[in-house]
Amino acid sequence: MSRSAPSWLAQTPGEVYTLHFWPPYGDPDVQLAKHYTGWAEEGRLARRLTEHTLGRGARLTQVQREAGGWWVVADVQPGTRDREQQLKERGAARRCSVCKAARDIESGKLTKNQALAQWWNATGYERSLLREIFGMEPEAARPAPVPVRELIPAPSHEPVSYGPEVDALVDALIESWTSPKPEPALERELEAGA
């Protein structure tokens, strides 16, 4: 059963991306998940990839991270949510550029270095994953992925002041919330006796 997007969202311009998992996720005796295809609104791809990294993206990328796996951004193309659905229905293995490069290495059409050169803008971590996928010797120990704490700016520990008027208003609100209030019945007795 496919999930359909609202009609206005289905035609919204964006980017369709494919993630190549390494190692593939799941039980080898059943079927492994090797790819995830998703969509991001135009200009929001970096934010969407960060959501996946933080475990707030798709459930499949969340469990891939929990299992100790990672991914490489294999392909990005302009497209709508409708295009994302079309690509998901067709499967990713035939169109994934990482899979194509691995097949081309096996058939002798590409050298391992030529395949790796296709990802000139990959992070150091992605390049190390690609080297593993393509069966290359590691350059050095695999660098750690960017920790989540580096993706999210640390909160400032400096007190923030918005000016004396706002500070006075906040103080008055706190005072009204924390000061003891007389019971309503007692308040009426005090007013009647006065």
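Residues numbered from 1 in each chain as written. Predicted model: local features only at pLDDT ≥ 70, side-chain atom pairs only at ≥ 80, totals over all residues. Heavy atoms only, no water.

Draft legend 1. Focus on the nonpolar core. Grouped together as the largest cluster of nonpolar side chains are 19 residues, with contacts concentrated most on V72, V98, A115, W119, L130 and F134. Of all the elements in the fold, those that place two or more residues in this core are β3 (70–79), α5 (97–107), α6 (112–117) and α7 (124–133). Counting residues in hydrophobic clusters, the runner-up holds ten residues, among them F21, A40, L45 and L49. (Core = buried A, V, L, I, M, F, W, Y, C linked by side-chain atoms within 4.5 Å. Buried < 20%, exposed > 50% of the residue type's maximum accessible area, 1.4 Å probe, protein only. Helix = DSSP H or I, 4+ residues; strand = E, 2+ residues; numbered from the N terminus.)

Draft legend 2. Structural view of empty space enclosed by the protein. Scanning all chains against the criterion turns up one cavity of 30 Å³ or more. Counted as a void, the largest cavity has a volume near 30 Å³. Lining the largest cavity, in full, are V16, Y17, T18, D75, V76, Q77, L87 and R95. Elements with a contribution of two residues or more to the lining of the largest cavity: β1 (14–25) and β3. Looking at the lining of the largest cavity residue by residue, the class counts come to four nonpolar, two polar and two charged. (1 Å grid on protein atoms, 1.4 Å probe; cavity = no way out; pocket = protein on both sides within 12 Å on 5 of 7 lines; lining within 4 Å. Points joined across faces, edges and corners; volume = space filled by probe spheres on them. Nonpolar A, V, L, I, M, F, W, Y, C, P; charged D, E, K, R; others polar.)

Draft legend 3. Focus on the pattern of salt bridges. Applying the stated criterion to the full structure yields three salt bridges. Between E51 and R48 there is a salt bridge whose closest N-O contact spans 2.9 Å. Here R48 and E51 lie together in helix α2 (residues 45–53), a separation of three residues that amounts to about one turn. When its relative accessible area of 24% is taken as the criterion, E51 is described as partly exposed. With its nearest N and O atoms 2.9 Å apart, the salt bridge here joins R81 to E84. Of this pair, R81 and E84 both sit in helix α4 (residues 81–90), separated by three residues, roughly a single helical turn. On the basis of relative accessible area, E84 is assigned to the buried category, the value being 2%. The network of salt bridges with common partners includes R81, E84 and K88. (Salt bridge = Lys/Arg side-chain N within 4 Å of Asp/Glu carboxyl O.)

Draft legend 4. Main features of the environment of G26. Relative to the assigned elements, G26 resides in the loop between β1 and β2 (33–41). The spacing of G26 and Q64 is 38 residues in sequence and 8.5 Å in space, taken between C-alpha atoms.

Draft legend 5. Geometry of the confidence of the model for the protein chain. Looking at the protein chain as a whole, the pLDDT averages 80, with 74% of positions reaching at least 70. Of all helices and strands in the protein chain, the one with the weakest mean pLDDT is helix α8 (residues 148–151) (52), whereas α5 scores best (95). (pLDDT = per-residue confidence, 0-100.)

Draft legend 6. Up close: the side chain of T37. Relative to the assigned elements, T37 resides in strand β2. On the basis of relative accessible area, T37 is assigned to the buried category, the value being 6%. Side-chain polar atoms of T37 contact the side chain of R95, separated by 3.0 Å. The contact partners of T37, leaving out residues within four places of it in the chain, are V16, Y17, T18, E84, L87, K88, A92 and R95. (Polar contact = N/O pair within 3.5 Å; in protein donor to acceptor, adjacent residues only side chain to side chain. Contact = heavy atoms within 4.5 Å.)

Draft legend 7. Fine view of α2. Taken together, the buried positions of α2 are occupied by L45, R48, L49, H52 and T53. Take α2 and look down its axis: the buried residues cluster within an arc of 150°, on one side only. Among the exposed residues of α2, those oriented more than 90 degrees off its buried face are A46 and R47. Immediately beyond the C-terminal end of α2, within one or two residues, lies G55, with a positive phi of roughly 80°. (Arc of directions from axis to C-beta.)

Draft legend 8. Region of the structure containing the packing of aromatic side chains. Following the criterion strictly, the structure yields five aromatic pairs and no others. Centre to centre, the rings of Y17 and Y36 are 6.3 Å apart; their planes meet at 50°, and the pair counts as tilted. Of this pair, Y17 sits in strand β1 while Y36 sits in strand β2, and the two are 19 residues apart along the sequence. Taking the relative accessible area as the measure of exposure, Y17 reaches 0% and is therefore buried. According to the relative accessible area criterion, Y36 is buried, its value standing at 12%. When the ring of W70 is compared with that of Y125, the centres are 5.6 Å apart and the planes differ by 85°; the resulting orientation is edge-to-face. Taken together, the positions of W70 in strand β3 and Y125 in helix α7 put the pair 55 residues apart, joining distant regions of the chain. (Phe/Tyr/Trp six-rings, centres within 6.5 Å; stacked < 30°, edge-to-face > 60°.)

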